Amino acid sequence: LPKKKKKKKKMSEETASSPSLTKKKSLGWMEWMRGWSSVFGEILFQRITASHLQNPLPLPPVNDLTCIVTGSTSGIGRETARQLAEAGAHVVMAVRNTKAAQELIQQWQNEWSGRGLPLNIEAMELDLLSLDSVARFADAWNARLGPLHVLINNAGIFAMGEAQKFSEDGYEQHMQVNHLAPSLLSVLLLPSLIRGSPSRIINVNSVMHSVGFVDPDDMNVVSGSRKYSSVVGYSSSKLAQIMFSSVLFKKLPLETGVSVICLSPGVVLTNVARDLPRFLQFLYALIPYFIFSSQEGCRSTLFSATDPQIPEYWETLKNDDWPVCPFISQDCRPANPSEESHNTETAQRVWEKTLEMVGLPLDAVEKLIEGEKVQCRYGAQEE
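Residues numbered from 1 in each chain as written. Predicted model: local features only at pLDDT ≥ 70, side-chain atom pairs only at ≥ 80, totals over all residues. Heavy atoms only, no water.

If you look the protein chain up in an unreviewed UniProt entry, it shows as Retinol dehydrogenase 11 from Brassica napus. Taken verbatim from the UniProt record of the protein chain, the Subcellular location (unreviewed entry) comment is "Plastid, Chloroplast". What the UniProt record of the protein chain gives under Sequence similarities (unreviewed entry) is the line "Belongs to the short-chain dehydrogenases/reductases (SDR) family." (UniProt positions renumbered as here; feature names shortened; annotations may be inferred.)

Here you go:
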C-alpha cells in the first residue's frame, strides 16, 4: 500500500509533463460563458455596485507610509500616486519615462502649494519590458535599507488588436509587463517590505482574468494550440498574476506581516478593446456613462493599499487555508476570482515556471524571508 500511494503521488506530479495523460487545453464552454458574464456584468453594473463609494475615496492617515507605484504617469497609477502624496505618504513613481514623472511632480507641487507641506514624492526609472531594469530598480531600492510599506503593481498593457509582440527578454509583452516583471519586482523587494511590516503588495488586476487561461508550458502562447489575440494575451497574463499571487500568499508566513492582494479597478476609460466580442463593442459605444474615470478606477487600489482591515482579512483567509489570495472588486468589497484561478495545481506550475522565466531559484522567497541573498539571472551579477 505505501508503494502504491507513493506511485500515485509521483504520477500526479508528472501529470503536466506526461504526454499520455490528458491536459486541460482551454476553459470549458461553461467557464468561458461565466467569464464573459462577469465582464459583461462589470461593464453594465459597476457604477451601481460602487454607488456607495465617495469620489475621491477618503483615505485614512498615511503620513508614515512609503509607497511605490508603478506606471504612475497616466491613468489609474497617476491618480493613485497623486492622491497618496496629497494624503501625506512618501510616494515613489516607478516609471519608464522619468522626465514625464518629474514634470508631473512639479505640476502637483505647484497645485498643492499653500495647502500644506510640500508633497513627498520622487521618481525612479523602471521599464517592465526589461527584466534587467526590474532587477536594477529592486537593487537600488533595497540598497537604501529603508522600509517599504506598500508596493502597488499598477503598470500594465493591453495592446488592443495588435499583432503578437515580444520583449527584449523574449517573452510575450502582455505576460511580461502584466505578470512576469511585477512578480520579479515583488519577490526582489521582499527584504524592504519585511522591513516595513506590516506591508502590502497590491496587484492591479482585471475582471478580464475571468476569461483567461494559462498553460504553464506555453506562457508565450507560441505553441499553436491556442490562437493568439490581444484578449488572449491580456486575460492570460492577468490570470497568471492571480495564480502567482495565490502561491505567494501561501508561502508568506503571517509573521512577515506582508499581505498580497489582487484587485479589479473596474472598466476604466480607455480599456476599450476593438477585438472584444461584438456585443461588448456595441455596449462600449452605447453606454460610456457606465465606464469609470481614472479617479473612480483608482478607488479599489487606494482601498486595498490603505484600509486598516485588509491585514485582518488576509489573516482570516490564511487561517482558513483559502486557495487564492484576497481579491478586492471595483466596489471595494471582497470578491471571489474566477473558477480557473482556484486551480491550485496549475497555480503551482505557474509559480515554478514564472520563477524560472525571471531567473530566480525556486526557494527564492524562503531565502529572502530568512534574510539570505538570492541570485537573479537579471540585473547586476555578483561574483
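(A) Main features of the packing of aromatic side chains. This model, assessed by the stated rule, comprises four aromatic pairs. Ring plane angle 75 degrees and centroid distance 4.8 Å describe the contact between Phe249 and Trp314, whose orientation is recorded as edge-to-face. Residue Phe249 is found in helix H8 (residues 230-251), and its partner Trp314 is found in helix H12 (residues 310-319); the two are separated by 65 residues along the sequence. Classification of Phe249 as buried rests on a relative accessible area of 1%. Its relative accessible area of 4% is what places Trp314 among the buried residues. The cationic tip of Arg299 hangs over the ring face of Phe292; the distance from NZ or CZ to the ring centre is 5.3 Å. If you follow Lys318 out to its NZ or CZ, it ends over the ring of Phe249, 5.1 Å from the centre. (Phe/Tyr/Trp six-rings, centres within 6.5 Å; stacked < 30°, edge-to-face > 60°. Helix = DSSP H or I, 4+ residues; strand = E, 2+ residues; numbered from the N terminus. Buried < 20%, exposed > 50% of the residue type's maximum accessible area, 1.4 Å probe, protein only. Lys NZ or Arg CZ within 6 Å of the ring centre and 35° of its normal.)

(B) Layout of the pairing of strand S3 (residues 121-125). Bridge count for strand S2 (residues 90-95) against S3 is five bridges, and the pairing is parallel. Bridge assignment links Ala94 to a residue of S3, and that residue is Met124. The handedness of the S2 to S3 crossover, carried by helix H4 (residues 98-112), is right-handed. (Pairing = 2+ DSSP bridges. Right-handed = clockwise from strand over helix to strand, strands pointing away.)

(C) Structural view of the packing of helix H3 (residues 75-86) against H4. Here H3 crosses H4 at 40 degrees, and the two axes come no closer than 12 Å. Here H3 lies oblique to H4, going by the angle between them. Seen along the crossing, H3 lies across H4 with a hand that is right-handed. Where H3 approaches H4, its residues Arg78, Ala81, Arg82 and Glu86 are matched on the opposing element by Leu104, Gln107, Trp108 and Trp112. Of the residues contributing to the contact of H3 with H4, the split by class is four nonpolar, one polar and three charged. (Axes fitted to C-alpha atoms, helices over the stretch in contact; angles between N-to-C directions. Parallel < 35°, antiparallel > 145°, perpendicular 65-115°, else oblique. Left-handed = near helix turned anticlockwise from the far one by under 90°. Contact = heavy atoms within 4.5 Å. Nonpolar A, V, L, I, M, F, W, Y, C, P; charged D, E, K, R; others polar.)

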